[in-house]
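Fold and geometry: a report
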Amino acid sequence: MIRFSGVVKRFGDNVVLDHLDFTVAPGEFVSLIGPSGSGKTTILRLLMTLEKVDGGTIEVCGDYLSHVRKGDRLGRADEKHLRAMRRRIGMVFQQFNLFPNMNVLRNITEAPVRSLGLAADEAEARALDLLDMVGLSDKAQAHPAQLSGGQQQRVAIARALAMRPDVLLLDEVTSALDPELVADVLRVLRDIATSTDITILCVTHEMQFAQDVSDRVMMFDHGRVLEDAVPEKLFSEPGHERTRRFLRAVI
Ligand code: ADP
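Sequence positions are assigned chain by chain, starting from 1 and proceeding in written order. Residue-level local features of this predicted model are given only where pLDDT is at least 70; pairs of side-chain atoms are given and counted only at 80 or more, and the full residue set underlies all totals for whole chains, interfaces and linings.

Formally: UniProt positions are given in the numbering used here, feature names are shortened, and annotations may be inferred rather than shown by experiment.
Under an unreviewed UniProt entry, the protein chain has the name Ectoine/hydroxyectoine ABC transporter ATP-binding protein EhuA and belongs to Amycolatopsis samaneae. Recorded in UniProt under Subcellular location (unreviewed entry), the annotation for the protein chain is "Cell membrane". Its UniProt record gives the protein chain a comment under Sequence similarities (unreviewed entry), which states: "Belongs to the ABC transporter superfamily."

**Quick look at the nonpolar core**
We count it as follows: Nonpolar cores are identified as sets of buried Ala, Val, Leu, Ile, Met, Phe, Trp, Tyr and Cys residues joined via C-beta atoms within 7 Å. Neighbour counting defines burial: a residue surrounded by 20 or more other C-beta atoms within 10 Å of its own C-beta is buried, one with 12 or fewer is exposed, and intermediate counts give partly exposed, using backbone-placed C-beta atoms. Contact criterion: two residues are in contact if their C-beta atoms, reconstructed from the backbone, are within 7 Å.
Counting residues in hydrophobic clusters, the biggest one holds 65 residues, and the most contacted among them are Leu32, Ala158, Leu169 and Leu201. Ignoring sequence-local partners within four residues, the contact set of Ala158 consists of Ile108, Leu130, Leu131 and Val134.

**Notes on the sheet that holds strand β5 (residues 63-64)**
Hydrogen bonding along the main chain pairs the strands of a sheet, whether they run parallel or antiparallel. Rule in force here: Criterion used throughout: strands pair if DSSP finds at least two bridges between them. Where helices and strands are cited, they refer to DSSP runs of H or I of at least four residues and of E of at least two residues respectively, numbered from the N terminus.
Taken in spatial order, the four strands line up as β2-β1-β4-β5 in an open sheet, and their pairing is antiparallel. Each edge of the open sheet is held by one strand with a lone partner, namely β2 (14-24) and β5. Two elements, strand β1 (residues 2-11) and β2, share seven bridges in a ladder whose sense is antiparallel. For Arg3, the partnering residue across the bridge sits in β2 and is Thr23.

**Side note on the site of the ligand**
To keep it simple, the criterion reads: Only the C-beta atom matters for this test: placed from the backbone, it must lie within 6 Å of a molecule or strand for the residue to be near it. All residues other than Ala, Val, Leu, Ile, Met, Phe, Trp, Tyr, Cys, Pro, Asp, Glu, Lys and Arg, Gly among them, are scored as polar; the first ten of these are nonpolar and the last four charged.
Surrounding the ligand, one finds Phe11, Asn14, Val16, Gly34, Ser36, Gly37, Ser38, Gly39, Lys40, Thr41 and Thr42. Counting residues per element, the ones that place at least two in the shell around the ligand are β2 and α1 (40-47). Broken down by element, the shell around the ligand gets its largest block of residues, three residues, from α1. Residue composition of the shell around the ligand, by class: two nonpolar, eight polar and one charged.

Here you go:
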């Protein structure tokens with residue numbers, strides 16, 4: 001579903017990703033862990049085409065995402081291709097980024113109607129199903145400001161899923177939440193992981209969650225995959241001293 005081949009990403013002199021190779025199979029839930037600054041968020045941003053690579057290639061569903069290099073000018077066909085690729089990928093951010101002036105239902109139906117061309121009633125039916133899934137059926141008419149952070153984040157998850165992406169990217173989605181609101185969001189993500197065949201790439205500091213739901217965990221350090229293992233192995237018998245130190249510090 002996802003293939004990074006020799007991906008290089010620099011910010012000035014700072015080599016953030018250094019010939020990075022990894023693959024993610026369809027339906028896998030892969031957690032990205034590692035110290036701050038090790039390049040995890042950059043990987044998600046490259047997949048969202050919010051950043052461009054300096055070298056190497058990224059494929060999603062067998063199509064190239066990154067034949068577009070930094071500085072390239074995009075032709076119309078490239079733009080169209082990128083838009084189509086972007087639609088296959090949903091992202092949920094640390095800050096929920098809901099549209100403050102729209103109610104919850106509209107937040108979820110907006111993109112499917114506008115960019116998928118879904119009929120309003122169909123988009124609404126889909127949104128209501130998703131709200132049920134994230135436990136917020138009674139909040140369809142509420143505005144974001146009337147919701148707790150955890151509820152807003154669950155709406156953001158429903159909004160991403162409304163586009164029926166093949167890949168869902170989660171960037172520290174519980175980091176901005178008060179501790180007592182984290183559990184509800186993690187429960188929803190657990191449900192999604194077990195009840196759908198969506199491919200999920202999850203940057204997280206919630207080690208217990210990563211251990212419970214991931215099919216695979218990748219430990220990053222300085223833009224490289226230091227360790228790539230099933231959670232049972234990575235958390236109980238990490239192969240690298242750096243991983244052991246990191247886990248001791250965060251658990
Ligand atoms: P992580 O998610 O593992 O904390 P990031 O991918 O956010 O790491 O960042 C990796 C490195 O890239 C850091 O050194 C960070 O300062 C740098 N970086 C990220 N985004 C930018 C940017 N837009 N401009 C300059 N440097 C950046």
